[in-house]
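The chain contents come next:
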Amino acid sequence: MDIRTLEEMPISERKAYALKKVKGLQDKLNASITIIEDDEVKADGKLMGIPVALKDNISTKGIKTTAASDILDNYVPVYDATIVKKLKEAGAIFVSKTSMDELAMGGTNRTANIGPCHNPYDLDRITGGSSGGSAALVAAGAVPLAIGSDTGDSVRKPAAYCGIVGVKPSYGRISRYGIIPYASSLDHVGYFTTNVEDAALALEVLAGRDDLDMTSSYEEVLEYSKLLDANVKGRRLAIFGNVYDAISDSSIKEAFDKIIVSLEDKGAIIKKVYFDGDLMKCLFPTYFIIANAEATANHSNLDGVRFGHRIDGDSMEDVMMATRTRGFSSFIKKRFVIGSYSLFEENQERLLKKAQRVRRLIVEAVLNELKEVDALLAPASGSIAPRLDDPSSDELSDEYLIAENHMVIGNFGGLPSMTLPMGFKDDLPIGINITCNAFKEEEMFDIALAIEDITGLKGHVKEVL
Amino acid sequence: MEYEIIVGLEIHTELNTKTKMFSGAPYHFKAEANTCTNEVDLAHPGTLPCVNHEAVKKAIELCTALDLSIDPLVRFDRKNYYYSDLPKGYQITQQFHPIGKDGKLQIDDDGIKKIIRIDRIHMEEDTAKQFHLYDETLIDFNRAGVPLVEIVSKPDIRSGKEAALYVEKLRQTLTYLDVSCAKMEEGSMRCDVNISLRPKGSDVFGTKVEIKNLNSIANIKDAIEYEANRQKEILDDGGHIDQETRRFDEKTMTTVTMRKKEGSVDYKFFPEPNIFPILISQEEIDHIVSEMPELPDVKEHRYIEVYGLSTYDASQLIANKELALYFDEMMKSSIDPKAACNILVSELVGQLTKRGEDITSTKVQAKDLARLVELISKGDISSKQGKEVLSVMLDGDDPDKIIEERGLKQLSDTSAIEKLVEEVLDENPTSIEDYKNGKDRALGFLVGQLMKKSKGQANPKMASDMLKDKLAKR
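Residues numbered from 1 in each chain as written. Chains lettered and ligands numbered in written order. Predicted model: local features only at pLDDT ≥ 70, side-chain atom pairs only at ≥ 80, totals over all residues. Heavy atoms only, no water.

## So, unusual backbone geometry
Residue and element names in this part refer to chain A. In this structure, Ser130 follows Gly129 across a cis peptide bond, with omega equal to 10°. When you line up the elements, Ser130 lands in the loop between β5 (122-126) and α4 (132-139). Although it is not a glycine, Leu103 adopts a positive phi angle of roughly 55°. Along the chain, the position of Leu103 falls in the loop between β3 (93-98) and β4 (118-119). The exposure class assigned to Leu103 is buried, which follows from its relative accessible area of 1%. Positive phi, normally seen in glycine, also occurs at Asn109, with a value near 65°. Following the sequence through the fold, Asn109 ends up in the loop between β3 and β4. In this structure Asn109 comes out as buried when scored by relative accessible area, which is 0%. (Helix = DSSP H or I, 4+ residues; strand = E, 2+ residues; numbered from the N terminus. Buried < 20%, exposed > 50% of the residue type's maximum accessible area, 1.4 Å probe, protein only.)

Here it is as structure tokens:
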């Protein structure tokens, strides 16, 4: 389902159409935490009457916002996130608060407190996470646009597994005010669509400086959808060699190669680049240390004192302790312990500060390469979506450390990065990732449009029966 | 043994900005509980901090006044700990890069001037206020997020009296700058004391004890004196001082143990990721400094050197910021500074005190009081009449109007006085005779007669001079 097609439908019917789908899919996908029935179209704008789904870590005034965690299972915000206001002003109507990994701390969507979210292409497989519910609803054709958040690859990985477009723009491009955080220096608002044109249009609505988020940018917001140009003649594109080499699945490499050849045929200048192999093996540990250190502080406000699911106790300290003990899953607590450990005074130098130095080295290396080329291209993942019951992969293999974690570079450097479908393997979608220089979203969309033309997968969705 | 008392002070003072340090919520000390808060202050999920520029400006003014070097790159850090008065579970502060470093404040101990060095000043946010009742705790979040600066002195203070002088001087500076209300009684200014003893002549510091949350200048002095004595007795008995945190008990005037130090707490400080470093340009700093109000020391110096006031008079004015500002307002009408100071300090303040008013509430405008000084010095009215006029001015009238209504204006018109002189002399030939025979009292009698004729309005000096003149001619 894309925005253009929906616009052919009378405004009054669009919401009902989406709601029916969202409700119908709930049993199969478990993609929604809260289904919103009473939202009204209040304004006209670029998304007039367009149904939109919001990840459940986006603050919606008067609508329960749980971040898929027991500790917030009764939390009803008193304020709207900046992007919620912007979407409303553009005429969007909200139909679902979608499932996610608990507090966005995961990549499978298996850790949601309501249970896992299912992939529309194969209900026994994961959607990926943490923005899995939003990805599933777009992939199943329920809504043309769903908002997520992306700290490591939480929009771009599920987009690949679910065969849709997933965009994470530059750091500061979209206000984070009102997004329940994971790790502030890595968190980005991202979103899903079924095609590049909708992705460009959505950024026009979502982007812009917000005085409530001091890290948001004053950089001008362009009319991305009008500037789209699929001509890649003379575009300098680099294949991310380390990622390509780390992938063992030849069918994924073949799909990628086919796109590269087509791009070259269209006049793009292709080269392959390699970064220091040791630095690439550090992507995941660097991310894990920084993200969890920031997360443990970011979530210290969840104490049951002022909001959320309070567990009573004899003293304030008891209340806080009991609330946090009962409110977080063991998976979250594990991450808090790791985050806390790397923040201890005696550990900070060799853990957090070292991770921050490595992050800088990685970003410097990538930016250096991006001086020579317009974009880095790589398969978004080395595999199709894993099965829900799949035991975790070998986290020390190159394939895992590099091929499954390379997209975090976009978060390290605040670089615009997006994933779009590049084909199928065993009838399951696979995706390609594009990463560009900061605030070069226009270029990124142009390259994506060229790839979309090659794959012919514009607007592709999976009918769930 | 003789000991030297080593004291350093950590003072927290709230900045009197309209809104909070990191949110747009307003703050009034007297507001009803939990009415000055928003989602940021309550740390609702997803909220982000936004630096209050007015607070940064005030911190820069304070650093300038206390001679600290300013770090133009403003950065913040997180101090992590769980407590129910701390909504975010961390406090945003400036651990690694305080806005100001290495300053000083001069105190005057009965004429002996001493420099107390200031280690650092940093910005942070206040916590909520808790009220522990029998079986429940009430929390007022109005104070959560109020801008604070912490002013940390070097251990240069050597007595309770010096500490009191330091805090008083700091309070004066804060109020003159209008950066803080600095009211210890309302908790907008709070003081922690670090105190240790060492044998006279030694340059090694002893174990220090911290006394927390002193809420008046008198208590700071008393607590230091008690604690110094307590430590002296322990040391004289051959004991050793435990590193601990104590509090001052006002009832018994003693310090009591709050908690023993068991290794320091790890606050897991790290840079605040939601606030990028803010670079304040030199032009901006210069602009802030150029608009700073005059500091008390500079003002006092000006009163003495430019206005020629005595040290005593100058210090009388400086002691009360409002009085000094009132005096400055009076001096806009170029009048005699000494006379202006006298009428303000001895007359106006005295009358106000009797009426239970003060300089901030009075209806007497500075320009009107200045006009009164002018009228007296020109001889339009006598100083005795001046007092009478002032007592009426307290209800809000201007002096010219009062003088006219009451017919108080002195007669200084030469021809009018000359006419009266002639009349008096004509009516008192005997006195003329007496005067000529050398009886000086006769002149006084004639002046008195003239004053009576003029109903007290004649300028006595003019009358006397003219009588002498005319007598000589008769």
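## Some thoughts on the side chain of B:Asn428
All names here are of chain B. Among the secondary structure elements, Asn428 is positioned in the loop between α12 (414-427) and α13 (429-436). The class of Asn428 is buried, set by a relative accessible area of 14%. Contacts of Asn428, omitting those with residues within four sequence positions, involve Phe445, Leu446 and Gln449. (Contact = heavy atoms within 4.5 Å.)

## Focus: the nonpolar core
Ranked by size, the top nonpolar core spans 193 residues in total, and within it A:Leu87, A:Ile147, A:Tyr191, A:Ile434, A:Phe445 and B:Tyr166 carry the most contacts. With 10 residues, the single largest contributor to this core is helix α11 (residues 283-298) of chain A. With residues up to four places along the chain from it excluded, the contact list for A:Ile147 reads A:Val52, A:Ala53, A:Leu54, A:Lys55, A:Ile58, A:Ile83, A:Leu87, A:Ser134, A:Val189, A:Gly190, A:Tyr191 and A:Leu206. (Core = buried A, V, L, I, M, F, W, Y, C linked by side-chain atoms within 4.5 Å.)

## Side note on the domain arrangement of chain B
Residues and elements named next belong to chain B. What the domain assignment reports for chain B is domain 1 (3-282), domain 2 (294-406) and domain 3 (414-473). Every contact between the two is made by eight residues of domain 1 and, on the other side, 11 residues of domain 2. Buried surface at the junction of domain 1 and domain 2, summed over both partners, amounts to about 690 Å²; 61% is from carbon and sulfur atoms. Considering only the side of domain 1, the residues that lose the most area to domain 2 are Lys169, Gln172 and Tyr176, jointly responsible for 71% of the buried surface there. Along the contact surface separating domain 1 from domain 2 lie one salt bridge. (Domains from an automatic or database assignment. Buried area = accessible area lost by both parts, 1.4 Å probe. Salt bridge = Lys/Arg side-chain N within 4 Å of Asp/Glu carboxyl O.)

## Considering helix α3 (residues 217-236) of chain B
All names here are of chain B. Relative to the 28 Å expected for 20 residues at 1.5 Å per residue, α3 spans 29 Å between its end C-alpha atoms, a close match to the ideal helical length. Among the residues of α3, those classed as buried are Ile217, Asn219, Ile220, Ala223, Ile224, Glu227, Ala228, Arg230 and Gln231. When α3 is viewed along its axis, its buried side chains cluster within an angular range of 165° and face the same direction. Check the buried side of α3 and you find it contacts β1 (3-14), α2 (160-177), β11 (189-199), β12 (209-214), β13 (244-249) and β14 (254-260). A positive phi of about 85° marks Gly238, the residue just after α3. (Expected span 1.5 Å × (residues − 1). Arc of directions from axis to C-beta.)

## As for the sheet that holds β3(A)
Residues and elements named next belong to chain A. If you trace the 11 strands from one edge of the open sheet to the other, you get β1-β3-β2-β6-β8-β7-β12-β13-β11-β9-β10, paired in mixed fashion. With one partner strand each, in any of the chains shown, β1 (32-35) and β10 (269-273) form the two edges of the open sheet. Taken pair by pair, the neighbouring strands of this sheet meet at an average axis angle of 25°, ignoring direction. Judged from the five bridges that link them, strand β9 (residues 236-240) and β10 form a sheet pairing that is parallel. Pairing of Phe240 across the sheet is with Val273, part of β10. (Pairing = 2+ DSSP bridges. Axes fitted to C-alpha atoms, helices over the stretch in contact; angles between N-to-C directions.)

## Describing the interface of chain A and chain B
Contacts between chain A and chain B engage 40 residues on the former and 33 residues on the latter. Buried surface at the junction of chain A and chain B, summed over both partners, amounts to about 2900 Å²; 61% is from carbon and sulfur atoms. Where chain A touches chain B, the interface holds zero salt bridges. Remark: the boundary between chain A and chain B carries 17 residue pairs in polar contact (both at pLDDT 80 or more). When residues of the side of chain A that touches chain B are assigned to their parent elements, the largest contribution, five residues, is made by α11(A). Split by residue class, the side of chain A that touches chain B holds 21 nonpolar, 10 polar and nine charged. (Polar contact = N/O pair within 3.5 Å; in protein donor to acceptor, adjacent residues only side chain to side chain. Nonpolar A, V, L, I, M, F, W, Y, C, P; charged D, E, K, R; others polar.)

## Focus: the packing of helix α5 (residues 296-305) of chain B against helix α7 (residues 321-330) of chain B
All names here are of chain B. Remark: α5 packs on α7, axes separated minimally by 12 Å, with the N-to-C direction vectors making an angle of 45°. One way to sum up the angle between α5 and α7 is to call them oblique. The crossing of α5 and α7 is left-handed. In this structure, α5 uses Lys299, Arg302 and Tyr303 to contact α7, whose residues at the interface are Ala324, Leu325, Phe327 and Asp328. Of the residues that constitute the contact of α5 with α7, the class distribution is four nonpolar, no polar and three charged. (Parallel < 35°, antiparallel > 145°, perpendicular 65-115°, else oblique. Left-handed = near helix turned anticlockwise from the far one by under 90°.)

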